[in-house]
Amino acid sequence: MKERFTQLLDQFLAATASTKITLVLSMTMILAVVGVSGWYANRPDFVEHFSGLSAAQSASYKTALAEAGIPFKSSPPPAPYSIWVDSSDAIAAEAQVARGGYQLENKGIQTSSGGAQSAFLSAGERELMMSKREWQECEKLLETLDSVERATVVGSKRQRSPFRRDTPPTISVTLGLRYGTTLNSSEARNVATLVRSRFNVPIENITILDESGVLLHDGDSMTNGPNTGDLFEQKRRFENEAERKANQQLRLALGPGLASVTVSSDWIFDETESIKEGALSGQPTYNSKTTEETKLPNGAGVGGAAGVSSNVTQDFGVKNAGVGGGANSSPTAKKSSSTVTRSEVGRETEHRISRAPKIQRLSVALVVDQSVPADKLEDLNKMVKAAVGFVSDRDVYHSLQIALASVERDTEGNPVPLVVLEPVAAPNEYVELLLTHGVELFAGLAFVFVLLKTLRSTSNKQDGGAAQEGNLGGFGPDGESEHLSETELELLARVQIEELVRTKPERVSEILAQWAAEETATTGANK
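A brief look at the structure comes next. (Residues numbered from 1 in each chain as written. Predicted model: local features only at pLDDT ≥ 70, side-chain atom pairs only at ≥ 80, totals over all residues. Heavy atoms only, no water.)

Under the 1.5 Å per step criterion, the end-to-end length of helix α9 (residues 377-388) is 17 Å for twelve residues, consistent within 8% with the ideal 16 Å. Taken as a whole, α9 has its buried residues at Leu380, Asn381, Val384, Ala387 and Val388. The buried residues of α9 occupy an angular sector of 130° when the element is viewed end-on, so they sit on one face. Seen from the buried face of α9, the exposed residues on the opposite side, beyond 90 degrees, are Asp379, Lys382 and Ala386. Once α9 ends, the next one or two residues include Gly389, with phi positive near 75°. (Helix = DSSP H or I, 4+ residues; strand = E, 2+ residues; numbered from the N terminus. Expected span 1.5 Å × (residues − 1). Buried < 20%, exposed > 50% of the residue type's maximum accessible area, 1.4 Å probe, protein only. Arc of directions from axis to C-beta.)

Next up, the structure:
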C-alpha cells in the first residue's frame, strides 16, 4: 500500500501543471460533496409518528420520549395533537412509549375489581357504580366510530315509585370529534339510536353535543317533529341539487360560463292528518228485513177502582169461585206485526298522516349570455324547467339574456372560446433522479474523467519510454552508440533506471544486493 501511494505521489509530481490543477479541483469538489452529503444525512428527518392524541396522551408520550432522550416535535394546541420523531428513532420511540407511555383509562365493567371494600358500600353507591360502568361501556361503543375520538356519557337516575309509573332516565352525551370531521343530523340520529338501544330509553330523552357546544341531537325535536336546522338543511340540499342538474345541462348544451340557473324554494313543513269515509265502489248491496210482533190485551179482567187491575193478575175473578165474570174478562188479545227492510252498502274509512314536507312554490331564474341565439331560448327554458321539476300552476319562472361580465370577449364583442389545457404528463423518474442527485452524479463523472485523463497521460509516458528504449537498437556490446551523444546516453540511462525502479522494484533490490556482495568480495581480496 505504501509503495502504491508513493507511486501515485510520484505520478502527481511528474504531471503537468494543468493536470495538477484539475486533480486538486476535482478532489476539492469531491470532498465538498461528501461533506455536504454527510451534513444533510446527519440532519434529523422528522416524520409524523403519533397522531390524533388527546392532551393527556400527548403529555404522557412526550414525557416518555424525553426520558429516553429521543428528539421530537409536537403540534400546537388545540387537540388532537401529533408528534414527529426522527425516522431513525422510530423503533426506539415505539418501544419507549410502549414501555412507559400513555396508558388507556380502564372503562366499562371490570371483572377483576371488587373485593372486601365493596361490602361496605351503600345501596345508592352500588347503583351509582353500576350506572357508571354502563356509561363507560357506552363510551367505548361510541369511540369505535370513525368520526368519534372520545365520548362522555352521563345519565340521570331512574325514578321508581310504587304509586306511579317509573320515569325513564335522561342520557347526556358529549362527543370529541376527530380533527376535520363533523356530524350531520343523520349521523347524530344514528348515535342517538345506539344510545337508546344501549340504555333502553326513549329517544326523546337523549341529548348529544360536541365538545365545542354545538347541539347535534335534541330529544325534544324528535317528539315535536324535525327541528329548524333539519328543515333548512333539506331546503338547501334540494335547491343545490336542482341547480347542479340544470347548470350541468346548460354546460353540455352551450359550454361553460354562458348560462346559469338559480333555484329558490318555499316549503310547507306542516304535519297533516286526514280521515276519509265513503262507500266501496263496485261492491254489491245487502238487504236486510226485520219483523216485529206485538200482542195487545182486549180489556181489563177485574173491575173496581182505578189502579186495582194493575195490582192483580189478568185471570183473577175468572177461575176463582164467588167472583162473577163480566164482559171484559175474556182472555183473548189482539196481535200486530211490522216489517222493516234496510239496504246496506260496504263502506271504508281511511286515516292518513303525512309528515313529509311539500313544496309550496319554486322560483327559477335563468340568465343567458347575449351571444346565444334567440331561437334557442325556448328550448333552453324547456330544458331547465324539466331539470328542476317546474310546475306551471304552482311555480314562478324568469329568464334574462344579457352580456355576462364573466365572459371574456374579443374586440367585436364575441365570446372568446376557453382554452382547454392539456393534462401535464408526470415527470420521468430518471429526470427526477437527475434533479435530486445531480450534484453527486456530476462530481462522480468529473472524478472518473480526471482519473481516465491521468491514466492516459501515464500510458503515453510509458509508450514514449518504450519508444526511446526501442531506439537503442544501435548499441553495441561495449555500450557505445553511433547515433547518441554522451549526455543523451546519460539521460536515457536515468530514464531506464527510473522505469526499472517503478516497474520492477524487486529486480532493483536483487541487483543492489548482488553489487554489494561483489563489492565486499573485491575489498577482501585486495586486503
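Here we come to the pairing of strand β13 (residues 358-369). A regular strand places its side chains so that they alternate between the two faces of the sheet. Of the strand pairs in this sheet, strand β8 (residues 259-268) and β13 are connected by ten bridges, and their pairing is antiparallel. Across the sheet, the residue bridging to Ala259 is Val368, located in β13. Here seven bridges tie β13 to strand β14 (residues 396-402), and the two strands are oriented parallel to one another. In the strand pairing of β14, Val364 is matched with Tyr397. Remark: the β13/α9/β14 crossover connection has right-handed handedness. (Pairing = 2+ DSSP bridges. Right-handed = clockwise from strand over helix to strand, strands pointing away.)

So, about the environment of Glu67. Its place among the elements puts Glu67 in helix α3 (residues 55-67). Note on Glu67: relative accessible area 63%, which makes it exposed. Separated by 29 residues in sequence, Glu67 and Gln96 have C-alpha atoms that sit 8.8 Å apart.

Taking strand neighbours across the sheet as the criterion, the four strands line up as β4-β5-β6-β7 in an open arrangement whose pairing is mixed. Each edge of the open sheet is held by one strand with a lone partner, namely β4 (148-155) and β7 (215-217). Each adjacent strand pair in this sheet contributes to an overall mean axis angle of 25°, direction not counted. For strand β6 (residues 206-210) and β7, the ladder comprises two bridges, and the chain directions are antiparallel. For Leu209, the partnering residue across the bridge sits in β7 and is Leu215. Packing against the sheet, helix α5 (residues 123-143) makes contact with β4 and β5 (171-177), and its axis sits at approximately 155° to β4. (Axes fitted to C-alpha atoms, helices over the stretch in contact; angles between N-to-C directions. Contact = heavy atoms within 4.5 Å.)

Time to look at the sheet that holds strand β1 (residues 46-53). Taken in spatial order, the three strands of this open sheet run β1-β3-β2, and their pairing is antiparallel. Each having just a single partner strand, β1 and β2 (72-74) make up the two edges of the open sheet. Neighbour to neighbour, the strand axes of the sheet diverge by 20° on average, direction disregarded. Summarising the sheet, β2 and strand β3 (residues 81-86) pair through three bridges and their orientation is antiparallel.

Our focus in this paragraph is the packing of α3 against helix α4 (residues 90-100). Relative orientation of the contacting elements α3 and α4 amounts to 115°, with a least axis distance of 9 Å. Read as a crossing pair, α3 and α4 show a hand that is right-handed. Taking contact as the criterion, the partners of Tyr61, Ala64, Leu65 and Glu67 in α3 are, on α4, Ala93, Gln96, Val97 and Gly100. Split into classes, the residues belonging to the contact of α3 with α4 amount to five nonpolar, two polar and one charged. (Left-handed = near helix turned anticlockwise from the far one by under 90°. Nonpolar A, V, L, I, M, F, W, Y, C, P; charged D, E, K, R; others polar.)

Attention now goes to the pattern of salt bridges. Counted under the stated rule, the structure contains eight salt bridges. Here Arg198 makes a salt bridge to Glu134, at a shortest N to O gap of 2.6 Å. Here Arg198, found in helix α6 (residues 185-199), pairs with Glu134, found in helix α5; they are 64 residues apart in sequence, far enough to count as distant. Using a relative accessible area of 30% as the deciding quantity, one classes Arg198 as partly exposed. (Salt bridge = Lys/Arg side-chain N within 4 Å of Asp/Glu carboxyl O.)

Despite not being glycine, Asn200 shows a phi value in the positive range, around 55°. Asn200 sits in the exposed class, given a relative accessible area of 67%.

Counting buried positions over the seven residues of β5 gives five, a clear majority of the element. Of the strand pairs in this sheet, β4 and β5 are connected by seven bridges, and their pairing is antiparallel. Bridge pairing in β5 places Thr152 opposite Thr174. As paired strands, β5 and β6 are joined by five bridges and run parallel to one another. Note that in β6 the partner of Ser172 across the bridge is Thr207. Regarding topology, α6 serves as the crossover connection from β5 to the parallel β6, and that connection is right-handed.

The terminal C-alpha atoms of α3 lie 18 Å apart, and with 13 residues this matches the ideal 18 Å at 1.5 Å per residue to within 8%. Gly69, located one to two residues past α3, shows a positive phi value of around 70°.

Checked against the element boundaries, Ser75 lands in the loop between β2 and β3. A distance of 2.9 Å separates the side chain of Ser75 from the backbone nitrogen of Ser82, its partner in a polar contact. Residue contacts for Ser75: discarding those within four places in its chain leaves Pro80, Tyr81, Ser82 and Trp84. (Polar contact = N/O pair within 3.5 Å; in protein donor to acceptor, adjacent residues only side chain to side chain.)

Taken together, Met27, Phe447, Val448, Leu451 and Leu452 make up a surface patch of nonpolar side chains, about 440 Å² in accessible area. When residues in the nonpolar patch are grouped by element, the largest group, four residues, is from helix α11 (residues 438-470). Inspection of the secondary structure puts Leu452 in helix α11. (Patch = residues over 30% accessible without salt bridge, like charges linked within 9 Å, V, L, I, M, F, W, Y side chains within 5 Å. Areas by Shrake-Rupley, 256 points an atom, 1.4 Å probe, with all protein chains shown as cover.)

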